[in-house]
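Inside the fold
Now for the letters of each chain:
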Amino acid sequence: MGLTEFFFYLFASVAVLSASMVIVARNPVHAVLFLILTFFNAAALFVLLGAEFLAMLLVIVYVGAVAVLFLFVVMMLDIDFSELRAGFIKSAPLGASIGTLVLVELILVVGLSQFPSNIVGQPAAAIDINLTNTEAIGRVLYTKYLFIFQGAGLILLVSMIGAIVLTLHHKTGVKRQIISAQVARVPESAIEVVSLVPGQSIIPSRDEDGTA
Amino acid sequence: MSESFVTYAPMLPEFIIILGAIVLLMYGVFGSETQTEAVNVGWLSIIVLITATVALLWAVDGSQSLFLGAFKNDSFARFMKILAIAGSICALMLAFDDFSDHGIMKFEYPVLVMFATAGMMVMISAGDLIALYIGLELQSLALYVMAAYRRDSVRSSEAGLKYFVLGALSSGILLYGASLLYGFAGSTDFQVIANAAKGTDASVNLWLIFGLVFLMVGISFKISAVPFHMWTPDVYEGSATPVTAFFATAPKVAAIALLVRVSMSAFPGIAPQWQQIITFIAIASMLFGAFAAIGQTNIKRLMAYSSISNVGFALVGLAANTAEGVQGVLIYMSIYVVMTLGVFASIVCMRRDGQSLEDIHELSGLAKNNLPLAFGLMILMFSLAGIPPLVGFFAKYHVLLAAVQAELYGLAIFGVLASVIGAYYYLRIIKIMFFDDSRDPFQPVRFNPGVIILTSALLMLVGVTILGPFVDAALIAARTLTL
């Protein structure tokens, strides 16, 4: 067994194990951390394949953004997980039996057929060995797949509009920060010199609610 | 320079809609936040959609293929795109008054409709698995938001969430199928998949079959065909009525067009394999839709089951796997869209004291209070039931004829049975309107829904006279796929 195979099986088995821990872990925060571990192992597999750009992308996007977002959601939402788990345990036998049934069917169907030795159609063209990953992706992304790339961009735009439509509330009667007013403030408008007569109280010259 | 413009001319309608949507988005963001301003954006977006239709009709003729086959423009695509845009325009028109009443008319709504329409057009033109998925997601994402659009209503939020979760599940299934097909053929292009599939014995190659089945299941979710229909009644009931009118028309057209194109152009060599699936789905949808609608008292749920049944009928044409069958699908979907828009326009008119009503018993004795509305709805219901000489009859006639010609007698018999069962609940609404005791009158019918009801009812009544050229156009469109 070569070094590459050794690392492949190492990363692959850790990935599968941590993926199952995502489901099994009792603490949802632990589950998210196991998810991050899975992502890291998948990224390592990409590196083994020579796809270092995708590996970095996986780490930056999935670990850096998606998983952290998951953590936020898990910690901020007030979900009673024990209650959820109670429902899970109640319907677990049914789910497990259906899952087993499907698994047996799949094994029977797929296991009894042989994997096609000759994949029909044409294999993907080999990438020029002198190109880096990023260059190779860039060359097709903006030429061959321009249409699809722009379509994906539109999907992101729609999801952004959707998130705003569904969540933005313009509340009235809320104090907002007016940066221009703060910046435009000069000493004369901010400080007031009051000459005090000994023994006399200071008469408040502005509103108590602090709007100024 | 000018040459490259000509090359991309087939995409002109998509360009117009997307550019229009982005410009209107900016206009809405920097404009004032009033209901009338939002309605203005709505009318402007209708103008953009009409411009796109004009571009669709006059920019190019014949068949073109762009981006190495990812985008196909042919008369089938043009036919379905016009239908989808028409559905979007009418659904938008229904939304203006209804949303303004509830104070929720926002400029984002027409923008979302435009993006959804652009997604549908990409779906209809898709000649590649990735383009298929991109179009589908662009459409679906906008639809999820629209389902939850009435965000202060729990039912609407529930509808949005349910639609989103099941939509994501179906997308996952579809993607899995697509990846299997890619593994099988080594390409995502429909043409390459078709060539690869032709040379193999489909009954042996399970990977091809698995990919095909998963792809079909994913699309069946989107057209809400039985057994992947369970989200439909809840989403239709929970969403605002104009949104439901949109769901029931344009996206169905796009997804059916997608299914037809995938089946006919990516898997012509293994037609018997997918014909089995489509035949089963068609029979199940027709019968289930017909039976389940009988017990419904909410008219939006009733229309949801009706749409499930109608999708089943449209699939009868696809199951035939002939040019006549595809012609039947095109005719069926066109007539279905017109009828459904009319019915939903009538549902929008069911208002009393500013409250939207959804129970079918609210319609009782409508004929005594508002004869024109009752008469229009009666024609639409008769047409949905498939009673000649209304146009709805010819929709069913063409798909069933195609099935008989393809010697799928069992399918045709089930179709006739389902149509008889379905007639019951359509006729029951007519009975309620004309023979039950009258209730308080509805608020007067407003201009937009009025125009839509009038147009669709008139088309159902006198459409027979213009059906000839229309049927020919559908045949020409169908031939571009089957050749």
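Treat the numbers as computed from the prediction; the structure is a model and nothing was measured.

Moving on, we come to the overall build of chain B. Each helix and strand counted, chain B has 21 helices and 4 strands in total. For 483 residues, the compact-globule formula gives about 23 Å, and the C-alpha radius of gyration of chain B, at 21 Å, lands near that figure. Expressed as lengths along the three principal axes of its C-alpha atoms, the size of chain B is roughly 65 × 55 × 45 Å. Looking at the 483 residues of chain B, the share that counts as buried comes to 65%. If you take every contact in chain B between residues at least 6 apart in sequence, the share linking residues at least 24 apart comes to 82%. In the form shown here, chain B has an accessible surface area of approximately 16700 Å², with 69% of it arising from carbon and sulfur atoms. Where the 23 positive side-chain charges of chain B centre and where its 28 negative ones centre are 4 Å apart.

What follows deals with the overall build of chain A. Looking only at helices and strands, chain A features 8 helices and 0 strands. N-terminal to C-terminal, the α/β element order of chain A is α-α-α-α-α-α-α-α. Taken across its 212 residues, chain A has 16% of its residues classed as buried. Sequence separation of at least 24 residues holds for 49% of the intrachain contacts in chain A that already meet a minimum separation of 6. Total accessible area on chain A is roughly 16400 Å²; 71% of this is exposed by carbon and sulfur atoms.

Right, let's get into unusual backbone geometry. Peptide bonds are trans in most cases, and residues, glycine excluded, mostly fall at negative phi. Residues and elements named next belong to chain B. Between Val226 and Pro227 the backbone carries a cis peptide bond, its omega angle lying at 5 degrees. Looking at the secondary structure, you find Pro227 in the loop between helix 9 (206-222) and helix 10 (232-238). In the Ramachandran plot, Phe67 falls in the positive-phi region, its phi being about 50 degrees despite a non-glycine side chain. For Phe67, the position within the fold is in the loop between strand 1 (64-66) and strand 2 (71-73).

Listed as interface residues are 34 residues of chain A and, on the opposing side, 39 residues of chain B. Of the roughly 3000 Å² buried where chain A meets chain B, counting both sides, 80% is carbon and sulfur surface. When the buried surface of chain A facing chain B is broken down by residue, Phe147, Val158 and Val165 of chain A rank first, second and third, together holding 22% of it. Counting every contact that joins chain A to chain B gives 0 salt bridges. Along the contact surface separating chain A from chain B lie 4 residue pairs in polar contact (both at pLDDT 80 or more). Listing elements by their share of the side of chain A that touches chain B, those giving two or more residues are helix 4 (81-112) and helix 6 (146-167) of chain A. Ranked by the residues each element gives to the side of chain A that touches chain B, the list is headed by helix 6 of chain A, at 16 residues. For the side of chain A that touches chain B, the class distribution of residues is 22 nonpolar, 11 polar and 1 charged.

Turning our eyes to something else, we now look at the pattern of salt bridges. All names here are of chain B. Evaluated as defined, the whole model comprises 14 salt bridges over all chains. The partner of Asp101 in a salt bridge is Arg446, with the nearest N and O atoms 2.6 Å apart. Residue Asp101 is located in helix 4 (residues 75-102), and its partner Arg446 is located in the loop between helix 19 (409-435) and helix 20 (447-462); the two are separated by 345 residues in the primary sequence. Classification of Asp101 as partly exposed rests on a relative accessible area of 39%. Judged by relative accessible area, Arg446 falls into the partly exposed class, the value being 27%. Measuring nitrogen to oxygen at the nearest pair gives 3.1 Å for the salt bridge that ties Glu158 to Lys162.

Moving on: a nonpolar patch on the surface. Residue and element names in this part refer to chain A. Taken together, the side chains of Leu3, Phe6, Phe7, Phe8, Tyr9, Leu10 and Leu48 define a hydrophobic patch exposed on the protein surface, amounting to about 660 Å² of accessible area. Per-element accounting of the nonpolar patch gives the leading share, 6 residues, to helix 1 (residues 3-24). Structurally, Phe8 can be placed in helix 1. The exposure class assigned to Phe8 is partly exposed, which follows from its relative accessible area of 39%.

In terms of domains, chain A is made up of domain 1 (1-94) and domain 2 (130-159). Each of domain 1 of chain A and domain 2 of chain A has a C-alpha centre, and the two are 27 Å apart.

Let us look at the packing of aromatic side chains. Tallied over the entire structure, the rule returns 25 aromatic pairs over all chains. Centroid distance Phe147 of chain A to Phe71 of chain B: 5.6 Å. Interplanar angle 90 degrees. Geometry classified as edge-to-face. Remark: Phe71 of chain B occurs in strand 2 and Phe147 of chain A occurs in helix 6; the pair is interchain, linking two chains. This pair shows no difference in class: Phe147 of chain A is buried, exactly as Phe71 of chain B is.

All names here are of chain A. In this model helix 1 runs 31 Å from its N-terminal to its C-terminal C-alpha over 22 residues, within 8% of the 32 Å that 1.5 Å per residue would give. Of all the residues in helix 1, the buried ones are Ala12, Ala15 and Ser18. Looking straight down helix 1, one finds its buried side chains confined to an arc of 140 degrees; they lie on one side. For helix 1, exposure combined with an orientation more than 90 degrees from the buried face picks out Tyr9, Val16, Leu17 and Val24. The inward-facing, buried residues of helix 1 abut helix 2 (28-49).

This next bit is on the side chain of Glu108 of chain B. Inspection of the secondary structure assignment puts Glu108 of chain B in helix 5 (residues 108-125). Salt bridges are absent for the buried Glu108 of chain B, whose nearest opposite-charge side chain, Lys106 of chain B, sits at 5.5 Å. When residues no more than four places from it in sequence are discounted, the contact partners of Glu108 of chain B are Ile161, Ile164 and Val165 of chain A.

End to end, helix 5 of chain B covers 26 Å across 18 residues, agreeing with the expected 26 Å (1.5 Å per residue, within 8%). The buried count for helix 5 of chain B comes to 18 of 18 residues, which makes it a mostly enclosed element.

This part is about the packing of helix 17 (residues 371-385) of chain B against helix 20 of chain B. Residues and elements named next belong to chain B. Two elements in contact, helix 17 and helix 20, have axes separated by 9 Å at closest approach and are oriented at 45 degrees. Relative to helix 20, the element helix 17 lies oblique. Crossing of helix 17 over helix 20 shows left-handed handedness. For the pair helix 17 and helix 20, the contacting residues are Leu373, Gly376, Ile379, Leu380 and Ser383 in the first and Ile453, Ser456, Ala457, Met460 and Leu461 in the second. Residue composition of the contact of helix 17 with helix 20, grouped by class: 7 nonpolar, 3 polar and no charged.

This part covers the nonpolar core. The biggest cluster of nonpolar side chains holds 201 residues, and the ones touching the most others in it are Met80, Phe246, Phe247, Ile256, Phe267, Leu315 and Leu363 of chain B. Setting aside residues up to four positions removed in sequence, Phe267 of chain B forms contacts with Leu181, Ile193, Leu208, Leu212, Leu215, Val262 and Trp274 of chain B. Core analysis: the next-biggest nonpolar cluster, separate from the first, contains 5 residues, Leu35, Ile36, Phe39 and Ala67 of chain A among them.

This next bit is on the environment of Gly2 of chain A. Along the chain, Gly2 of chain A turns up in the segment before helix 1. Put simply, Gly2 of chain A and Leu168 of chain A are 166 residues apart on the chain and 56 Å apart in space, counted from C-alpha to C-alpha.

Attention now goes to the packing of helix 2 (residues 12-30) of chain B against helix 3 (residues 35-58) of chain B. Residue and element names in this part refer to chain B. Look at helix 2 against helix 3: their axes get within 8 Å of each other, and the N-to-C directions meet at 165 degrees. When the axis of helix 2 is compared with that of helix 3, the two are roughly antiparallel. The handedness of the crossing between helix 2 and helix 3 comes out as right-handed. The residues of helix 3 that touch helix 2, namely those facing Leu12, Pro13, Ile16, Ile17, Gly20, Leu24 and Tyr27, are Glu37, Val41, Leu44, Ser45, Val48, Leu49, Thr51, Ala52, Ala55 and Leu56. The residue inventory of the contact of helix 2 with helix 3, partitioned by class, reads 13 nonpolar, 3 polar and 1 charged.

Rules used in this analysis
- Residues numbered from 1 in each chain as written.
- Chains lettered and ligands numbered in written order.
- Predicted model: local features only at pLDDT ≥ 70, side-chain atom pairs only at ≥ 80, totals over all residues.
- Heavy atoms only, no water.
- Helix = DSSP H or I, 4+ residues; strand = E, 2+ residues; numbered from the N terminus.
- Rg over C-alpha atoms; globule rule 2.2 N^0.38 Å.
- Buried < 20%, exposed > 50% of the residue type's maximum accessible area, 1.4 Å probe, protein only.
- Contact = heavy atoms within 4.5 Å.
- Areas by Shrake-Rupley, 256 points an atom, 1.4 Å probe, with all protein chains shown as cover.
- Lys, Arg positive; Asp, Glu negative; His and termini not counted.
- Charge placed at Lys NZ, Arg CZ, Asp CG, Glu CD.
- Buried area = accessible area lost by both parts, 1.4 Å probe.
- Salt bridge = Lys/Arg side-chain N within 4 Å of Asp/Glu carboxyl O.
- Polar contact = N/O pair within 3.5 Å; in protein donor to acceptor, adjacent residues only side chain to side chain.
- Nonpolar A, V, L, I, M, F, W, Y, C, P; charged D, E, K, R; others polar.
- Patch = residues over 30% accessible without salt bridge, like charges linked within 9 Å, V, L, I, M, F, W, Y side chains within 5 Å.
- Domains from an automatic or database assignment.
- Phe/Tyr/Trp six-rings, centres within 6.5 Å; stacked < 30°, edge-to-face > 60°.
- Expected span 1.5 Å × (residues − 1).
- Arc of directions from axis to C-beta.
- Axes fitted to C-alpha atoms, helices over the stretch in contact; angles between N-to-C directions.
- Parallel < 35°, antiparallel > 145°, perpendicular 65-115°, else oblique.
- Left-handed = near helix turned anticlockwise from the far one by under 90°.
- Core = buried A, V, L, I, M, F, W, Y, C linked by side-chain atoms within 4.5 Å.

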